[in-house]
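Letter by letter, the chains look like this.
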Amino acid sequence: MDTCIHLARPVDAPAIQAISAPVVIRSHALMSEMERNVMTISLESLLAARLFLSPKLLGNRLFFLSNLGQGGHLSLYAMDAGGSVPEPLLPARIAVQNPELMEAEVFALFPKLGKLLLMLDRDGDENYQPLLIPLEGGIPEPAFGAAFDGYRVRCLASDPERNLAYLNAESRTEQMHVSFQANLETGELLKLGQHAWGSYVDGVNADHTRVIMKDGYSEGDNALYQWQAGWPERKLLYGVPLEQRAAGQDVPPNSITNIFFTPGDRGLLFITSLFVDSYGLGYLDLADPAAMQPVEITGIQHSGLGELVALSHLCDARYTVEYNIDGCSWLYEGTFDEASLTMKLERVLCGRGKLTNGTLEACSYEKETDRFALSFSTATSPSQIYTIEGEQRKTVRQHTRERVLGLPEEWLSAGSDASFTSYDGLRISARLYLPAPALGFEGPRPLVYYIHGGPQGQERPDFTWFSMPLIQYLTLGGFAVFVPNVRGSTGYGLSYTKWVDHDFGGKDRLDHVHAMTQVLPQDKRVDVKRAGVVGRSYGGYMTLTMASRHPELWSAAVDMFGPYDLITFSQRIPESWKPYFELVIGHPERDREFLLERSPRTYMQQIRCPLLVIQGKNDPRIIERESRDVVEQLQAAGKRADYLVFDDEGHDVLKYVNRVTCYTAIAEFFKKYL
């Protein structure tokens, strides 16, 4: 029997009652003691922990994003830094986007104006617009009238002292990005540059007379441009633009990002992969921009595999340097010596004490009070807001007390390292989450194979977003969850990440096959004969690929907004995204045969297992038609394909009621077929 569940907004009370039903957990080993001690766990216990994200300090006030409200969606709040009841700053109907998906500032504070800049879309359509509201809250109003109609706008940098913001506007009708210096006080928009490849602002000098912009082609492949006040247009500073390269010309990726002018505009300090594959710091003398030099980093206190992920300027010669080590965050405060080209890391802000074995969602710095505000979570602990202060950074204050309600800590799974060597000798990072011993499950556990999105992304021990609550919910239900970061993932250096360029469904797929056929069958704690696969976005694509090309491995599959036809996918995405996808995946005409060979659609008739497809109606990346095509093709062939659509979501499932529905549907689907 085929089903299609279409959720319109709002969900009625009976539907909420139905999706809130508790899940009964019991051992498959039918022990009489366990039969007498059946544990009932409600999904709301996991989702009762609210999100606290993107904190910013302004004197004695903390501004942040949270899903505190009755609607269960992200919104903007403020509270006293010393502790007070959070105050909503937006009307209850307005939903704010996931900052991880936006990859830019969701909001910026401008105390001299008494306002904040907020980037809003409509229920996940990602057509962000710059809006202003008073610092004490209010109704958002367009910051620049109708200037950005027809554009998707992101705020890439801001300066509250000068009331300036740097905006990147993506056209919705042509392959073009335009960058602006935006004056929030006067409403003036100064055009800095434009290009099909982004022209993203990534560095601004102290008096805002010089700006570094970046055209980005594929992962790590950039060209830098400089704009100066009085220049009619930007000028090339470093790199070889894609349009100027000769056929077959090899241009090493530089991965330049997080760019900062040094005092007196003598040079630029930034992250680069030119000297270290796992990323390091580089320096460019503006008097001789062709001669890039490495910056030595001293004082590192962590060990393990990972990469440098962020550099941020505090004041004077002080910076923060962030690492991702085995998926966990390490944040240092250090001093840069321009004369010796050395970054001395002096204090650990994150990676020890309370802030260890987890993920730093965001960190901001208030210069006036010399304090940090950050959001941090682990695999078993929800996101919390902390502040760090004091000359030696010894004072760490926790401002929230979110917790999973009604679930003893010993029932949750912290996971363990399950890294393996793949078919060609490459080390693949992975974690295995097993039901906690306290739950009493015995024997090999049915397996859920979880594939992250991206593909150039990474699954980390982070309770904040969609993955970890689902993983915990599944382990509470007796499942083992295997989470690999196969080649193409971030977190392990540029070379590892670049494996997937123009090879979707190639060597990355073979890593998954090797894990399922050679690695996991050796682990007696899991039962690979009862295995399901689930993934989101690229993970949805790989789920469809694995279910169709390797049907013998799976008893069930859940595709969340994954492309199934790489040709229609590349034709349906927004115009401004097409150059990138044509470069890293393939051109829908020139590479047609390759894209057909790598598309799950080509192999759909081979699927044997039941499939659940989940989609947000407003998704601009994988439009609803793409997922509906999957379902209709399978149903026409007489195969089992269920469809769950959310009218008020985009390329994510963020709203509380929708998350409950989604997690419940996935867990019940796997319980039924595994």
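Further up the page is the structure itself.
Thresholds, definitions, all that
Residues numbered from 1 in each chain as written. Predicted model: local features only at pLDDT ≥ 70, side-chain atom pairs only at ≥ 80, totals over all residues. Heavy atoms only, no water. Axes fitted to C-alpha atoms, helices over the stretch in contact; angles between N-to-C directions. Helix = DSSP H or I, 4+ residues; strand = E, 2+ residues; numbered from the N terminus. Left-handed = near helix turned anticlockwise from the far one by under 90°. Contact = heavy atoms within 4.5 Å. Nonpolar A, V, L, I, M, F, W, Y, C, P; charged D, E, K, R; others polar. Pairing = 2+ DSSP bridges. Buried < 20%, exposed > 50% of the residue type's maximum accessible area, 1.4 Å probe, protein only. Expected span 1.5 Å × (residues − 1). Polar contact = N/O pair within 3.5 Å; in protein donor to acceptor, adjacent residues only side chain to side chain. Phe/Tyr/Trp six-rings, centres within 6.5 Å; stacked < 30°, edge-to-face > 60°. Salt bridge = Lys/Arg side-chain N within 4 Å of Asp/Glu carboxyl O. Parallel < 35°, antiparallel > 145°, perpendicular 65-115°, else oblique. Core = buried A, V, L, I, M, F, W, Y, C linked by side-chain atoms within 4.5 Å. Patch = residues over 30% accessible without salt bridge, like charges linked within 9 Å, V, L, I, M, F, W, Y side chains within 5 Å. Areas by Shrake-Rupley, 256 points an atom, 1.4 Å probe, with all protein chains shown as cover.

Caption draft 1: Looking closely at the packing of helix H7 (residues 507-519) against helix H8 (residues 538-549). Taken N-terminus to C-terminus, the directions of H7 and H8 make an angle of 65 degrees; their axes are 11 Å apart at the nearest point. Crossing angle aside, the handedness with which H7 passes H8 is right-handed. In contact with Asp-508, Arg-509, His-512 and Val-513 of H7, H8 contributes Tyr-538, Met-542, Thr-545, Met-546 and Arg-549. Of the residues belonging to the contact of H7 with H8, the class tally is four nonpolar, two polar and three charged.

Caption draft 2: Expanded view of the sheet that holds strand S14 (residues 177-183). What the four strands build is an open sheet, ordered S12-S13-S14-S15; its pairing is antiparallel. Bordering the open sheet on either side are strand S12 (151-159) and strand S15 (189-195), each of which pairs with just one other strand. Within this sheet the neighbouring strands show an average axis-to-axis angle of 20 degrees, counted without direction. In this sheet, S14 lies alongside strand S13 (residues 164-171) in antiparallel orientation, the contact comprising seven bridges. Pairing of Leu-164 across the sheet is with Asn-183, part of S14.

Caption draft 3: Representation of the sheet that holds strand S16 (residues 200-204) within the structure. The sheet built from four strands is open, its strands ordered S16-S17-S18-S19 with antiparallel pairing. At either end of the open sheet lies a strand with only one pairing partner, and these are S16 and strand S19 (235-238). Each neighbouring strand pair of the sheet contributes to a mean axis angle of 40 degrees, computed without reference to strand direction. Across seven bridges, strand S17 (residues 210-216) lies against strand S18 (residues 222-228) in antiparallel orientation. Bridged to Asp-215 within S18 is Ala-223.

Caption draft 4: Spatial organisation of H7. Of all the residues in H7, the buried ones are Asp-508, Arg-509, Asp-511, His-512, Val-513, His-514, Ala-515 and Met-516. Those residues of H7 that are buried lie in contact with strand S33 (420-421), strand S34 (427-433), strand S35 (445-451), strand S36 (480-485), strand S37 (526-536) and H8.

Caption draft 5: Layout of helix H13 (residues 656-673). A rise of 1.5 Å per residue sets the reference length of H13, with its 18 residues, at 26 Å; its end C-alpha atoms lie 26 Å apart and thus fit the reference within 8%. For H13, every residue scored as buried is listed here: Asn-658, Arg-659, Val-660, Thr-661, Cys-662, Tyr-663, Thr-664, Ile-666, Ala-667, Phe-669 and Phe-670.

Caption draft 6: Up close: the pairing of S15. Pairing analysis gives six bridges linking S14 to S15, with the strands arranged antiparallel. Among the inter-strand pairings, Ala-182 is bridged to a residue of S15, identified as Leu-189. Linking S14 back to S15 in an antiparallel pair, the connection comprises five residues, with Gly-187 at a positive phi of about 80 degrees.

Caption draft 7: Focus on the side chain of Asp-511. Considering the arrangement of structural elements, one finds Asp-511 in helix H7. Side-chain polar atoms of Asp-511 contact the side chain of Arg-487, separated by 2.7 Å.

Caption draft 8: Spotlight on the packing of aromatic side chains. Taken as a whole and judged by the stated rule, the model has 23 aromatic pairs. Ring geometry for Trp-197 versus Tyr-217: centroids 5.3 Å apart, planes at 80 degrees, classification edge-to-face. Residue Trp-197 is located in the loop between S15 and S16, and its partner Tyr-217 is located in the loop between S17 and S18; the two are separated by 20 residues in the primary sequence. Of the aromatic side chains, those joined through ring pairs into one cluster are Phe-260, Tyr-283, Tyr-319 and Phe-336.

Caption draft 9: Summary view of the environment of Leu-89. Among the secondary structure elements, Leu-89 is positioned in the loop between strand S7 (87-88) and helix H4 (99-102). When the C-alpha positions of Leu-89 and Ser-75 are compared, they lie 7.9 Å apart, and in sequence the two are 14 residues distant. When residues no more than four places from it in sequence are discounted, the contact partners of Leu-89 are Phe-63, Leu-76, Tyr-77, Ala-78, Leu-116, Ile-133, Leu-135, Glu-136, Gly-137 and Gly-138.

Caption draft 10: How the structure looks around the pattern of salt bridges. As enumerated under the stated definition, the model contains 41 salt bridges in all. Taking the shortest distance from any N to any O, the salt bridge between Asp-527 and Arg-530 comes out at 2.8 Å. Overall, the relative accessible area of 22% leaves Arg-530 in the partly exposed class. Several salt bridges converge on common partners, so that one network encompasses Arg-318, Glu-333, Glu-346, Arg-347, Asp-370 and Arg-393.

Caption draft 11: Local environment of unusual backbone geometry. With an omega of 10 degrees, the peptide bond between Gly-454 and Pro-455 qualifies as cis. As for its placement among the helices and strands, Pro-455 is situated in the loop between S35 and helix H5 (467-476). Of note, the phi angle at Asp-265 is positive, near 55 degrees, even though the residue is not glycine. Positionally, Asp-265 belongs in the loop between strand S20 (257-261) and strand S21 (267-272). A positive phi angle, near 35 degrees, is found at Phe-561, a position not held by glycine.

Caption draft 12: Spotlight on the side chain of Ser-273. Summarising the element assignment, Ser-273 is placed in the loop between S21 and strand S22 (280-285). On the basis of relative accessibility, which here comes to 9%, the residue Ser-273 falls in the buried class. Of note is the side chain of Ser-273, whose polar atom sits 2.7 Å from the side chain of Ser-255.

Caption draft 13: Structural detail: the packing of H5 against H13. Relative to each other, H5 and H13 sit at 40 degrees, their axes nearing to 10 Å. The orientation of H5 relative to H13 falls into the category oblique. H5 and H13 meet at a crossing whose hand is right-handed. Across the interface between the two elements, Pro-469, Leu-470, Tyr-473 and Leu-474 of H5 pack against Arg-659, Tyr-663, Thr-664, Ile-666, Ala-667 and Phe-670 of H13.

Caption draft 14: Fine view of the nonpolar core. Core analysis: the biggest nonpolar cluster contains 95 residues, and Phe-482 and Phe-670 have the highest contact counts within it. No other element matches the seven residues that H13 contributes to this core. Among all residues touching Phe-482, those that are not within four sequence positions of it are Ala-418, Phe-420, Ala-430, Arg-431, Leu-432, Leu-447, Val-448, Tyr-449, Tyr-450, Ala-515 and Leu-520.

Caption draft 15: Region of the structure containing a nonpolar patch on the surface. A cluster of nonpolar side chains, namely Leu-274, Phe-275 and Val-276, defines an oily patch on the protein surface of about 220 Å² accessible area. Its place among the elements puts Phe-275 in the loop between S21 and S22. Accessibility expressed as a relative area gives 38% for Phe-275, which makes it partly exposed.

Geometric descriptors of this kind do not, in isolation, establish any biological role.
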